[in-house]
Amino acid sequence: MRIVFLGPQGSGKGTQAKIISEILNVPHISTGDLLREVEGELRKQVDEYMLKGQLVPVEIVVQVLKQRIEKPDCKKGFILDGFPRSLEQAQELEKEIEIDKYFEIFISDEEAIKRLSGRRTCSKCGAIYNVNSDAKPLVDGKCDKCGEGLFQREDDKEEAIKKRLEIYHNETEPTIEKYDVIRVNGKQGIESVSHDILDKFDS
Ligand code: AMP
């Protein structure tokens, strides 16, 4: 089963992709995570785009993605989170593999900005919190799990968020229209969203 999860930043697509990948027992592949892990010479080039909230050039994303999906654990399928984000990327994907299902988790821009501007990540274990919701840490600025400091991703700052949403509307949405996408309301609680997604597998 090869599945794509799309959705504006802050829609919870990453959270859902992770939950559903554990249920289906297939790897969760986030192009954002793959790009954050890039090392060596490419790092500087990737940061030039990523830190401003812009799309990283297609050749780079395709290169890191291909390396990942060629690994043996992807043979049984995978959940792709955050790719394709443009028509050009969709064409590249079609050349490589056939996707079984596309999901879009949708939320309003207003909700996306509220969620993203509150997101804080642990610099050590990667745990994610949100200071604008019930998911805030017990102690301000400290991780509940390991006590390390929390930071705000450079691309979760307001200017970058606006840029990312603009890209989503201008580049990703026209891509979505190309496919028979299953739309799920991301404004609900995490469990309800997962439930709605799993429901669509049965039908
Ligand atoms: P995300 O973690 O999905 O919000 O992605 C973080 C950042 O990684 C984006 O703002 C882009 O700079 C970059 N990125 C992730 N996926 C892609 C993609 N499919 N194409 C180009 N850039 C990407």
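Residues numbered from 1 in each chain as written. Predicted model: local features only at pLDDT ≥ 70, side-chain atom pairs only at ≥ 80, totals over all residues. Heavy atoms only, no water.

We now examine the overall build of the chain. Along the chain, the regular secondary structure elements total eight helices and eight strands. Overall, the C-alpha framework of the chain stretches about 45 × 45 × 35 Å when taken along its three principal axes. Across the 203 residues that make up the chain, the buried fraction comes to 46%. Per element, the accessible surface of the chain, about 11,200 Å² overall, is 47% carbon and sulfur. (Helix = DSSP H or I, 4+ residues; strand = E, 2+ residues; numbered from the N terminus. Buried < 20%, exposed > 50% of the residue type's maximum accessible area, 1.4 Å probe, protein only. Areas by Shrake-Rupley, 256 points an atom, 1.4 Å probe, with all protein chains shown as cover.)

Near the ligand there are 17 residues, and of these Thr 31, Arg 36, Gln 54, Arg 85 and Gln 89 occur at the shortest range. The contact in question runs from a nitrogen atom of the ligand to an N or O atom on the backbone of Val 56, over 3.0 Å. Here a nitrogen atom of the ligand and a side-chain polar atom of Gln 89 are 2.6 Å apart. With the chains in place, 96% of the 480 Å² that the ligand exposes on its own is no longer accessible. With four residues, helix H2 (residues 31-36) is the single largest residue contributor to the shell around the ligand. Of the residues belonging to the shell around the ligand, the class tally is six nonpolar, five polar and six charged. (Near = heavy atom within 4 Å. Polar contact = N/O pair within 3.5 Å; in protein donor to acceptor, adjacent residues only side chain to side chain. Nonpolar A, V, L, I, M, F, W, Y, C, P; charged D, E, K, R; others polar.)

Next up on the list: the sheet that holds strand E2 (residues 28-30). Reading across the sheet, the five strands line up as E2-E3-E1-E4-E8 and stay open at both edges, with parallel pairing between neighbours. Only two strands of the sheet have a single partner each, and these edge strands are E2 and strand E8 (181-185). The average undirected angle you get between the axes of adjacent strands in this sheet is 25 degrees. Relative to strand E3 (residues 78-81), E2 runs parallel, the two being bridged by three bridges. Within the sheet, the bridge partner assigned to His 28 lies in E3 and is Ile 79. Running over the sheet, helix H7 (residues 158-176) touches strand E1 (2-6), strand E4 (101-106) and E8 and is turned about 150 degrees from E1. (Pairing = 2+ DSSP bridges. Axes fitted to C-alpha atoms, helices over the stretch in contact; angles between N-to-C directions. Contact = heavy atoms within 4.5 Å.)

Among the surface-exposed residues, Met 1, Ile 23 and Leu 24 lie close enough to one another that they form a single nonpolar patch of about 260 Å² accessible area. Positionally, Met 1 belongs in the segment before E1. (Patch = residues over 30% accessible without salt bridge, like charges linked within 9 Å, V, L, I, M, F, W, Y side chains within 5 Å. Salt bridge = Lys/Arg side-chain N within 4 Å of Asp/Glu carboxyl O.)

The next subject is the packing of aromatic side chains. Counted by the stated rule, this structure contains three aromatic pairs. Ring centres 5.4 Å apart and planes at 45 degrees place the aromatic pair Phe 5 and Phe 103 in the tilted group. A residue pair is termed long-range when its members are at least 10 positions apart, and Phe 5 in strand E1 and Phe 103 in strand E4 qualify at 98 residues. Across this residue pair, the class does not change: Phe 5 and Phe 103 are buried. Sitting above the plane of the Phe 106 ring, Arg 183 keeps its charged end 4.2 Å from the centroid. (Phe/Tyr/Trp six-rings, centres within 6.5 Å; stacked < 30°, edge-to-face > 60°. Lys NZ or Arg CZ within 6 Å of the ring centre and 35° of its normal.)

Buried residues of helix H5 (residues 87-96): Gln 89, Ala 90 and Leu 93, and no others. In an axial view of H5, the angular spread of the buried residues amounts to 100 degrees, which keeps them on one side of the axis. Where H5 is buried, its residues contact E1, helix H4 (58-69), E3, E4 and H7. (Arc of directions from axis to C-beta.)

Okay, the sheet that holds strand E6 (residues 128-130) next. The sheet built from three strands is open, its strands ordered E6-E5-E7 with antiparallel pairing. Where the open sheet ends on each side, the last strands, each with one partner, are E6 and strand E7 (150-151). Relative to E6, strand E5 (residues 119-122) is paired through three bridges, and the arrangement is antiparallel. In the strand pairing of E6, Thr 121 is matched with Ile 128.

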